[in-house]
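Residue strings, one per chain:
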Amino acid sequence: MQKNWYRLDTAALIFPAIARRDWCNAFRVSAGLYEPVDPEILQRATDDMRRRFPFYFVTLHKGFFWYYLEETGRSVRVRQDYAYPLTFMSSRELKENCLRVLYYKNRIAVEFFHSLTDGRGGSIFLCNLVARYLELRYGLKIPKEGLIVDWNAPPPPEELEDSFLKNAGEVAASRREEVSYRLHGTRSEQGFKTLTCGIVETQALLDTAHRYHVTVTALLAAVMAESIIAMQNAERPRRRQRPVKITIPVDLRRLYGSRTMRNFSLVLNIGVDPRYGDYTLEELCKTIYHQLCANATPQNMAGMIAANVQPQQVVALRLAPAALKNVVMDAVYHQSGESGGCLNISNITSLPLPDVMQHYVERAEFIIGPQRSYPNNCSVLSYGGKTYINMIRSIRESELERRFFSRLVELGIAVEIESNRR
């Protein structure tokens, strides 16, 4: 049987090139059920997803000119969750499967190598996997509405497109940006990733954001920036400080009306320069919110897309072997890929499920791993009246989480803390 293969989308090209022996860019989406997971039924549900989402059941291969994805003939074997979230995906594993389906007690989790998709695409896959599992387990009739699709239908062509190529502007935006302050600490033993989850009432978070006349994302970014500014103040004089900017991914599907299930998001580095003076939280909220509004426009993002697309069209680079492309992309990423921000705050907002599913799904979470050059990251997802704020780190020090969640409590937002480290 001939296997289908897929070009990596524009955003996905960078991830194999910059991967290291102890790091690759991956993320996790998970759902907590009210009852324990039946692994045999989960395996059947996973196998059923192959027809509707064949572009996720793939392996990563290195061609002479480019990396590419090829559909795998092997089943993605459901495994019991182990160790800690987002353990390293080796090149050997990626040649077998680029996603993991895991279970532990009441939890179903899917981990994706980022070359497959972004958080929005991953959350749609998770919703449909859980829907199919519930149909098989309880004989439910789940309506095909919202994020839920017909698992037995082939994917429409628009879900496979590289929407970056379709929406690139004529003029590329500049990549030049001042280097941001870098978080640092003592590396955890054996690559352990500490996960701290702050659970808050979504309405309380919304009420506080509205009090400052900003979105939830802007509020969280402002509180995070305030926490990092305090940490930088404690370690260096103002004249030697760096800008404090939060990297915020923007889902471009909303801007351009795309239905792609592949990567289609870009990041904005939003923040302030503490060398110019002190900022109140209200000032940080206003500054970050207005920067987001000003930059997350179709016109501006089209220029940023063009900055990623146009290098692919240079004949000399297209004809260069993959090994040389890797060197070039790694150098570009080292220069500008992560230097503009302190850490990510990735918010895929809410997870709307049909009413019938909500009786079986208790919670949902989104976790991104630490970046290559900075040790902390933050991801956010709301479900069932709760917002789950996951802060992950590859260092021992917990000061950032302590400052961030303590500040939310000071703002009147009660926080319930869970952690995988005692």
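An account of the accompanying structure is given in this report. (Residues numbered from 1 in each chain as written. Predicted model: local features only at pLDDT ≥ 70, side-chain atom pairs only at ≥ 80, totals over all residues. Heavy atoms only, no water.)

This brings us to the overall build of the protein chain. Across its full length, the protein chain carries 14 helices and 15 strands. Against the globule reference of 22 Å for 422 residues, the protein chain gives a C-alpha radius of gyration of 21 Å, in line with a compact fold. Across the protein chain, the fraction of contacts at a sequence separation of at least 24, relative to all contacts at a separation of at least 6, is 77%. If the 54 positive side-chain charges of the protein chain are averaged to one point and the 45 negative ones to another, these points end up 6 Å apart. (Helix = DSSP H or I, 4+ residues; strand = E, 2+ residues; numbered from the N terminus. Rg over C-alpha atoms; globule rule 2.2 N^0.38 Å. Contact = heavy atoms within 4.5 Å. Lys, Arg positive; Asp, Glu negative; His and termini not counted. Charge placed at Lys NZ, Arg CZ, Asp CG, Glu CD.)

Relative orientation of the contacting elements helix α7 (residues 216-235) and helix α9 (residues 281-295) amounts to 125°, with a least axis distance of 8 Å. By the angle between their axes, α7 is oblique relative to α9. Two packed elements cross with a definite hand, and for α7 against α9 that hand is right-handed. Residue-level contacts link A218, L219, A221, A222, V223, A225, E226 and I229 of α7 to L281, L284, C285, I288, Y289 and L292 of α9. When grouped by side-chain class, the residues that make up the contact of α7 with α9 number 13 nonpolar, no polar and one charged. (Axes fitted to C-alpha atoms, helices over the stretch in contact; angles between N-to-C directions. Parallel < 35°, antiparallel > 145°, perpendicular 65-115°, else oblique. Left-handed = near helix turned anticlockwise from the far one by under 90°. Nonpolar A, V, L, I, M, F, W, Y, C, P; charged D, E, K, R; others polar.)

The next subject is the pattern of salt bridges. Pairs may arise between side chains of opposite charge once their charged atoms sit close together. Counted according to the given criterion, the structure contains 27 salt bridges. Linking E111 and R28 is a salt bridge whose minimum nitrogen-to-oxygen distance equals 2.7 Å. Here E111 is found in strand β7 (residues 107-113), whereas its partner R28 is found in strand β2 (residues 26-33), with 83 residues between them in sequence. One salt bridge connects D251 with R253, and the closest N-O pair in it is separated by 2.9 Å. (Salt bridge = Lys/Arg side-chain N within 4 Å of Asp/Glu carboxyl O.)

With mixed pairing, the five strands of this open sheet are ordered in space as β5-β6-β7-β2-β12. Looking along the sheet, the strands with just one partner apiece sit at the ends: β5 (79-80) and β12 (361-368). Relative to β7, strand β6 (residues 99-104) runs antiparallel, the two sharing six bridges. In the sheet register, Y103 faces β7, and the bridge partner there is I108. On the sheet, helix α2 (residues 39-52) packs against β6 and β7 and is oriented at approximately 155° with respect to β6. (Pairing = 2+ DSSP bridges.)

Summarising the element assignment, S180 is placed in the loop between α5 (163-167) and β8 (194-201). Engagement of the side chain of S180 in a polar contact is seen with the backbone nitrogen of K245, the distance being 3.5 Å. Once residues lying within four places of it in the same chain are set aside, the contact partners of S180 are R242, P243, V244, K245, S339, G340, G341 and C342. (Polar contact = N/O pair within 3.5 Å; in protein donor to acceptor, adjacent residues only side chain to side chain.)

Now for the sheet that holds strand β4 (residues 67-71). Pairing is antiparallel across the open sheet formed by three strands, whose spatial order is β1-β4-β3. In the strand order of this sheet, the two ends are held by β1 (5-7) and β3 (58-62), each with one partner. Within the sheet, the average angular offset between the axes of one strand and its neighbour, ignoring direction, is 30°. Alignment of β3 against β4, held across five bridges, turns out to be antiparallel. Its bridge partner being in β4, L60 is matched across the sheet by L69.

Attention shifts here to unusual backbone geometry. Even without being a glycine, K105 presents a positive backbone phi close to 55°. Among the secondary structure elements, K105 is positioned in the loop between β6 and β7. In the Ramachandran plot, Q190 falls in the positive-phi region, its phi being about 55° despite a non-glycine side chain.

Next up on the list: the side chain of N326. One can find N326 in helix α12 (residues 322-337). Among the polar contacts listed, one links the side chain of N326 to the side chain of Y67, at a separation of 3.4 Å. Residues within four places of N326 in sequence aside, it is in contact with A17, K62 and Y67.

In the structure shown here, the tally under the stated rule is 17 aromatic pairs. Ring plane angle 75° and centroid distance 5.6 Å describe the contact between Y56 and F112, whose orientation is recorded as edge-to-face. Placement of Y56 in the loop between α2 and β3 and of F112 in strand β7 is noted, with a sequence separation of 56 residues between them. In terms of burial, Y56 and F112 fall into one category: buried. An angle of 45° between the planes, with centres 6.0 Å apart, marks the rings of Y256 and F264 as tilted. Under the relative-accessibility criterion, F264 is labelled buried at 0%. Pairwise contacts between aromatic rings join F27, F53, F55, Y56, F57, F112, F125 and F366 into one cluster. When the ring centre of F53 is taken as reference, the NZ or CZ atom of R52 above it lies at 5.3 Å. (Phe/Tyr/Trp six-rings, centres within 6.5 Å; stacked < 30°, edge-to-face > 60°. Buried < 20%, exposed > 50% of the residue type's maximum accessible area, 1.4 Å probe, protein only. Lys NZ or Arg CZ within 6 Å of the ring centre and 35° of its normal.)

Okay, the pairing of strand β9 (residues 244-251) next. Within β9, seven of the eight residues are buried, which leaves it mostly tucked inside the rest of the structure. In this sheet, strand β10 (residues 265-272) lies alongside β9 in antiparallel orientation, the contact comprising eight bridges. Within β10, the position partnered with P249 by the bridge is V267. By the bridge criterion, two bridges tie β9 to strand β11 (residues 343-350) in an arrangement that is parallel. If you follow T247 over to β11, its bridge partner there is N344.

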